[in-house]
Amino acid sequence: MTRCALPLLVLLLLFLPLVVWADEGPILNPELLQVTEHNLDNGLQVLLLEDHSAPVLTYQVYYRVGSRHEKTGTTGLAHFFEHMMFRGSTKYGPEEHDHIVQAHGGYCNANTWYDRTAYYENIASDQLELVAHLEAERLANLQIVPETFNPERQIVYEERLERVDNNLFGSLIEQVTTTMFQAHPYGWPVVGWGSDILGWEQQELEEFYHTYYIPNNSTVIVVGDFDTQEAIELIEHYYGDIPAGPDPIQPRTVEPEQHGERRVMFHRPAQVPIIVAGYHIPGAAHEDMPALEVAQKILSDGRSSRIYRTMIYEEQVSPYAGGFIYPLRDPGIFMVYAGVNMGIETEQVETTLFNLIDDLANNPVSEEELQKAQNQLESDFIMELTTVYGRARAIGEALILYDGDYNRFINRPAEYRAVTLEDVQRVIGTYLTERNRTTVILVPDNPAPAPSMGMTEGGE
Amino acid sequence: MKSYKLLSMLLAVVFVLPAFDVALAQTDDDPVPAYTAPVELDDSPVELPNITRKRLRNGLTIYYVPQHEVPVVTIRLLIRAGSLYNPIDQPGLTYFMGNLLTKGTETRSAMEISETMDFVGGSISSGAGYNGSYVQSTILTRDFEMALELVADIAMHPSFPEEEIERDRRRFLTNMMARLDDAYDIAEDQLPSYLYGEHPYGFPLAGTPASVEAFTRDAIVAQYERLFVPSNAVLAISGDIPWRDAHQLVRQYFSDWDRGDRPDTDYENPEHLEGGQILLIDKPDAAQAEVRMGYVLSPYNMGEDLYAFRVMNQMFGTGGFGCRLMLRVRSELGLTYGIYGNLTARQMEGAYTVEAATSNETAGQLIGETIQLMRDAIADGFTEEELQHAKAYMMGTYPMQYETPEDLATQFQTLLMFNFDDPAEFIETYRARINAVTLEDVNEIARRMLQPDNFRYVVVGQAEILQPQLEEFGEIEVMTIEDLQ
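Residues numbered from 1 in each chain as written. Chains lettered and ligands numbered in written order. Predicted model: local features only at pLDDT ≥ 70, side-chain atom pairs only at ≥ 80, totals over all residues.

1. As for the overall build of chain A
Part 1: Within chain A, the regular secondary structure consists of 17 helices and 13 strands.
Part 2: Since a compact globule built from 460 residues should have a radius of gyration of about 23 Å, the 24 Å found for chain A is in line with a globular shape.
Part 3: Taking the principal axes of its C-alpha atoms as reference, chain A extends roughly 70 × 55 × 50 Å.
Part 4: Counting all 460 residues of chain A, 54% fall into the buried class.
Part 5: Residue pairs in contact within chain A that sit at least 24 positions apart in sequence constitute 79% of those at least 6 positions apart. (Helix = DSSP H or I, 4+ residues; strand = E, 2+ residues; numbered from the N terminus. Rg over C-alpha atoms; globule rule 2.2 N^0.38 Å. Buried ≥ 20, exposed ≤ 12 C-beta atoms within 10 Å, placed from the backbone. Contact = placed C-beta atoms within 7 Å.)

2. Observations regarding the packing of helix α4 (residues 128–141) of chain A against helix α9 (residues 228–239) of chain A
Residue and element names in this part refer to chain A.
Part 1: Taken N-terminus to C-terminus, the directions of α4 and α9 make an angle of 30°; their axes are 9 Å apart at the nearest point. In terms of orientation, α4 and α9 fall into the roughly parallel class. Seen along the crossing, α4 lies across α9 with a hand that is right-handed. On α9, the residues touching Leu128, Glu129, Ala132, His133 and Ala136 of α4 are Ala231, Leu234, Ile235, Tyr238 and Tyr239.
Part 2: The residue inventory of the contact of α4 with α9, partitioned by class, reads 8 nonpolar, 1 polar and 1 charged. (Axes fitted to C-alpha atoms, helices over the stretch in contact; angles between N-to-C directions. Parallel < 35°, antiparallel > 145°, perpendicular 65-115°, else oblique. Left-handed = near helix turned anticlockwise from the far one by under 90°. Nonpolar A, V, L, I, M, F, W, Y, C, P; charged D, E, K, R; others polar.)

3. A few points about the interface of chain B and chain A
In many reports, interface size means the accessible area that the parts give up when they come together.
Part 1: Every contact between the two is made by 82 residues of chain B and, on the other side, 92 residues of chain A.
Part 2: Secondary-structure elements contributing two or more residues to the side of chain B that touches chain A are α1 (2–11), β1 (14–15), α3 (110–119), α5 (162–179), α11 (324–332), β11 (350–358) and α13 (384–397) of chain B.
Part 3: When grouped by side-chain class, the residues that make up the side of chain B that touches chain A number 38 nonpolar, 22 polar and 22 charged.

4. Observations concerning the sheet that holds strand β8 (residues 277–282) of chain B
All names here are of chain B.
Part 1: Taken in spatial order, the 6 strands line up as β10-β11-β9-β12-β8-β13 in an open sheet, and their pairing is mixed. Edge strands, defined here as strands with exactly one partner in the open sheet, are β10 (339–343) and β13 (475–480). The sheet shows a mean angle of 15° between the axes of neighbouring strands, taken without regard to direction.
Part 2: As judged from the 9 bridges shared by strand β9 (residues 289–298) and β11, these two strands associate in the antiparallel manner. Following the sheet pairing, Ala289 is matched in β11 by Thr358. (Pairing = 2+ DSSP bridges.)

5. Some remarks on helix α13 (residues 367–384) of chain A
Part 1: Taking 1.5 Å as the rise per residue, α13 of chain A with 18 residues should run 26 Å; its terminal C-alpha atoms sit 26 Å apart, in good agreement.
Part 2: Within α13 of chain A, burial applies to Glu369, Leu370, Lys372, Ala373, Gln374, Asn375, Gln376, Leu377, Glu378, Ser379, Phe381 and Ile382 of chain A. (Expected span 1.5 Å × (residues − 1).)

6. Section: the environment of Pro55 of chain A
Residues and elements named next belong to chain A.
Part 1: Mapped onto the fold, Pro55 is located in the loop between β4 (45–50) and β5 (56–63).
Part 2: What makes Pro55 partly exposed here is the crowd of 18 C-beta atoms within 10 Å.
Part 3: Counting along the chain gives 169 residues from Pro55 to Gly224, while the straight-line C-alpha distance between them is 7.6 Å.

7. Focus: the packing of helix α2 (residues 93–100) of chain B against α5 of chain B
Residue and element names in this part refer to chain B.
Part 1: Closest axis-to-axis distance for the α2/α5 pair is 11 Å, and the angle between their directions is 120°. Considering their axes alone, α2 and α5 lie oblique with respect to each other. Crossing geometry of α2 relative to α5 is assigned as right-handed. Judged by residue contacts, Phe96, Asn99 and Leu100 of α2 engage Glu164, Ile165 and Asp168 from α5.
Part 2: Looking at the contact of α2 with α5, its residues break down into 3 nonpolar, 1 polar and 2 charged.

Structure representation (structure tokens):
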């Protein structure tokens, strides 16, 4: 593979910035974020964004299948296919997809979440044809045979042990989500239940593959140094003959409203207690989401945030604490967590944490705090767009979360800017309530001893 | 410590780490290019952007790496001294000091620093590793001067307030206790002393509960004054800022820093401890065994051997890329989600370590397979096909490691930290040097540097199940969690 010097035109483009800053916030250069959409007859959606600033590209495939589409007894299948897609097709043997990408100087990987499964190759720009061919091949001709799926099943089982069963935080988060959702598929873990992983059968795997791995259930996103027309021709060439399938049936279950706090006392051989709590929030496309994201920043981004300042700094009840959002297509999750410092009662930490949230519902934050949160969100947004990988991912996630409206990612800074003080207070008061809360507490079997004098007094 | 792990876990989603298998492509009359054929290797010099290097009178070295697509700048000040410079009876001192830097200067309180940075949506952090210490900030270009002045203030005038020392002490002690609740953390914390013995490398970065309880403000200040001198520092500024504008401000804020003397370290290279020793830590509730195996091998900068070693380890042990460890232990046998063999990066001798997690029942099998793979590589060497593949991957992805100016600036600092005197030359010639490695070279390196008989082991899991499996690998010492408290 030959890497040629950048042509003059490319060098000139470097001086057209993607983002400029104005008093009212970041202004994106719309020409550099103009996504070209092309749809194949078989329903495959193609989204293309040229950027010639470096001779690389990212090729990402989003399949609209995640743990949300699974059923009891076969949980974890979406994630399992993320692994199986590397285990060989008609044309290539097990792991050869990865081997070929590497031999051409590229890197590939994949990841699975509640609503989608995503695959990607980051590679030199002269290898677009190679990756289009490889991705089309495994979409159309995956081989599902016991010789590969049995060892892969063991690997995924070990993955579950490593991430969840042998990891306290992994276990606690699983306890929160499984308790929060009584009906909706978000209630089971993305990696699946251990007994399901050990039990999947060949026929179930084949059925899952043929249902969801079809062109009309997927989107190809390419960002980087390529020519749009050439890319369309290549993708037409390699994907054009793959037949469409029936549109997959979407899960219909709606999680019923929660009418009271759910509490789980999680007893483990541990010494230091941990509190994790989850709240139901609306789906990512809902109009209250920007205000919830602002609230999350006010609560927990940076050492001047409410949670850090009060719990870690001023009252010193926790060694670590914070909060985060899982934005999901269907109603999602807002989580908060806190550790418990030695010599402090768990109840005190819990009270402090929940009082901070109640305070946000009862009293408006200052204009300055609101502006700080908006600045943080905007700067996160810009930093995400720095790499071609990040840009493709922003488009892909918007596609999934906003039900196809991928261009909405460009509006995010404006949506944050529009959030008012009243909005923050209202969304906290609406969603982060005791009745809507699921609280999981790690109760240590062997609690740590009270601190020694030297520690509390400190110093010399 | 803990919170970082939690966040990284949440953000990681669920990744696959694919490994390759040498499989035969089926013939087909579809006119697809022969992608399985060997690939032509490009070993031309990597093109670097226009990097400007400057030095102030007080010895501070500065690198400016431009990028103008996104209005973001990263400022990173690296001190080329870390935990290796700890007094032997005060493990964790440099790490503790590094964490305190952003928590107060002569003119700003900890909260003022946080407020200022949080308000503009930027970040600022400080810390220390085994090899270096740092202060870093990433901000939007419009806030560059504010951030630069803040980084300078934090690096030059930290005040180490007593109350901040006590806050961190309390937090650190709880976190250390919490680490004993997690098998992964226990293995990570116990491995250093088992590999390096009585040496600054033989402690966790954060030190021990006893050392953290005993730090005095005087000791913290003395450690800062010894390490934080401009003649031992490299400042890297990368992103959307013209270097001339940046340099004018750097001169303004950093020129008053007293030159100082570069610190010396009192330590010799760590001893090579006897192999075949096993520390088995009993965690009766462990759902999996955490396995660590390692031996002291070489400094990160190993001179002429470096390139052959890296190619050899690409084929043997470095995770996720079709190496022998992953191919056999993960893909074929399904024993683990991931197994990784790496040289720990140290200025003095680092260790070659293999790490993996596996079910309690299969830990012995995993260790046995790892040792056998090493013996096979030593006896039979690698194949020409493996060599070509490793080179193609290493050479092809090398330029992608420097996609952002921040990556490049950090790499310059890292190379200097490990005493590679000409980072630009190192990066430019890297691909040609990798390409020059021969099969003979890698096989010779494998015979010399893969040392299965020297492995020392730390295993955390259910001792009752593990002990009978481990006996064939050496002498076992069993400890309980209570013993570690």
